[in-house]
Amino acid sequence: MEEKIVSLKQQGLTLKQIAEQLDMPIGKVQYAWRKWRSQHGEPDKPAAAPKRKTEGKKSMTSNSKQVPASSVKQVASTLQHEEPTQSPLLDKGPEGFWKLPDRYDQDLMHAVVQSPNAVYVFWEVSDSVKETLSMQFMRPWEDLPKAFRILDITLLDYASGHANRAYTFELPEMTNSWFVRPLDPNTTYVFEFGIRTMEGEFLPLLASSPIDTPRAEPTGHGRFAEPVRRWQYGEVETPELLDTLPKYSAYRFVR
C-alpha cells in the first residue's frame, strides 16, 4: 500500500486525492507518505503557501477576498503533522501481534461445567515433574502410560480419601484435555490425571478442585422435605437417614 501511495504522489496527486482514490483515512495516507520520505532522507516540508515576499504589493491589495497566507499555512501544517490513528501494533506485521503461549510449564488442572451431564477438563504437567518421573521409572515421559480418574465425592471430603465411586481409564499420549461425559447431574466430582506404575496401579499427579454438576430436575418436596431442609440450612451436621430411599437420593435435589 505504501508503494502505491508514493506512486500516486509522484504522479502529482495530493494526499487528499490519494486518500479518496484508495478509500483510506487521510491520516493513514499522510503517515505512510511521511514515513517513506523519512526513510529516503527527504525532510518534511510544509505545504505550499503563497510567497508573500515575491508577490507585488498591487497583487496583494487587488484581491481582497483571498484567504490569508498565514491561515493557509496553518491549515497545511495541521494536516501535515496530524498524528496517525492506526495502532502501532499493525506496523509490526503479523509477527508483532499478541499470541498466547502453547503452555506455561506449570502443574495445573481445571474443570469447567458444560452441562448437567458433561464437564470439560484441561491440565498441564511441568517439565520438572516429567523429568523426575522419567528418572524414577527409568523410562521417557512419552513411554509412561497416562490415565484419567473420575471420583464421585458427593457429600464426602475429598481430602479424607473416600469416594462414593471411581472410574479410571487410559488416555492417549499427548492429551491435555478431555470432555468427561456422561456424568450425573447434581453430583460433586473430582478429576485426576496420572500414570500407571509398573504394577498397573494408578499414580495421580494432578487433581482438579471439587466441582458440582447442575441439577436437571426441579427441587424435590414431600414428606422428606423437613429433614432435607434441616441439612440444607446447616441445622444438622450430617444428612439424616431416610428409610425406603437409597442413600442421598433426596438430598441430591437441594444441593
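What you see is a predicted model, and the numbers here were worked out from it, not measured in a lab.

**Q** For this particular structure, what's the right way to read the overall build of the protein chain?
**A** From N to C terminus, the protein chain includes seven helices and eight strands. In the protein chain, which comprises 255 residues, the proportion classed as buried is 30%. A sequence separation of at least 24 residues applies to 55% of the contacts in the protein chain between residues at least 6 apart. Accessible area for the protein chain stands at about 17600 Å²; split by element, carbon and sulfur atoms hold 54% of it.

**Q** Looking at this structure, how should I read the packing of helix α1 (residues 2–10) against helix α3 (residues 26–39)?
**A** Geometry of a packed helix pair, given as the angle between the helix axes and the separation of the axes. In contact at an axis separation of 10 Å, α1 and α3 are set at 85° when each is read in the N-to-C sense. Taken as axis vectors, α1 and α3 run roughly perpendicular relative to one another. For the pair formed by α1 and α3, the contact residues are Glu 2, Ile 5, Val 6, Lys 9 and Gln 10 on the first element and Val 29, Ala 32, Trp 33, Lys 35, Trp 36 and Gln 39 on the second.

**Q** Please clarify how the environment of Ser 115 should be interpreted in this entry.
**A** Residue placement: Ser 115 occurs in strand β1 (residues 108–115). Judged by relative accessible area, which is 27%, Ser 115 ranks as partly exposed. Spatially, the C-alpha atom of Ser 115 lies 7.2 Å from that of Thr 213, the residues being 98 residues apart in sequence.

**Q** Quick question: what am I supposed to make of the pattern of salt bridges here?
**A** If the charged atoms of two oppositely charged side chains come close together, the side chains can form a pair. For the structure on display, the rule yields seven salt bridges. Among the ionic pairs, Arg 165 bridges to Asp 184, the shortest N-O distance being 2.3 Å. Taken as a pair, Arg 165 in strand β4 (residues 165–171) and Asp 184 in the loop between β5 (177–180) and β6 (188–196) lie far apart in primary sequence, 19 residues in all. Looking at Arg 165, the relative accessible area reads 42%, which means it is partly exposed. Judged by relative accessible area, Asp 184 falls into the partly exposed class, the value being 29%. Via salt bridges that share partners, Asp 152, Arg 165 and Asp 184 belong to a single interconnected network.

**Q** Could you clarify how one ought to interpret α3 in this entry?
**A** The α-helix advances 3.6 residues per turn, and as a result positions three or four apart in sequence lie on the same side. Helix length check: α3, at 14 residues, gives a terminal C-alpha distance of 20 Å against a target of 20 Å (1.5 Å per residue), a fit within 8%. Here α3 has its buried residues at Gly 27, Val 29, Gln 30, Ala 32, Trp 33, Arg 34, Trp 36 and Arg 37. Just downstream of α3 lies Gly 41, where phi reads positive at about 75°.

**Q** Help me understand helix α2 (residues 15–22), please; the structure alone is not making it clear to me.
**A** What α2 keeps buried is the set Leu 15, Ile 18, Ala 19 and Leu 22. For α2, the angular spread of buried residues about the axis comes to 100°, placing them on one side. In α2, the exposed residues that point more than 90 degrees away from the buried face are Lys 16 and Glu 20.

About the criteria used
Residues numbered from 1 in each chain as written. Predicted model: local features only at pLDDT ≥ 70, side-chain atom pairs only at ≥ 80, totals over all residues. Heavy atoms only, no water. Helix = DSSP H or I, 4+ residues; strand = E, 2+ residues; numbered from the N terminus. Buried < 20%, exposed > 50% of the residue type's maximum accessible area, 1.4 Å probe, protein only. Contact = heavy atoms within 4.5 Å. Areas by Shrake-Rupley, 256 points an atom, 1.4 Å probe, with all protein chains shown as cover. Axes fitted to C-alpha atoms, helices over the stretch in contact; angles between N-to-C directions. Parallel < 35°, antiparallel > 145°, perpendicular 65-115°, else oblique. Salt bridge = Lys/Arg side-chain N within 4 Å of Asp/Glu carboxyl O. Expected span 1.5 Å × (residues − 1). Arc of directions from axis to C-beta.

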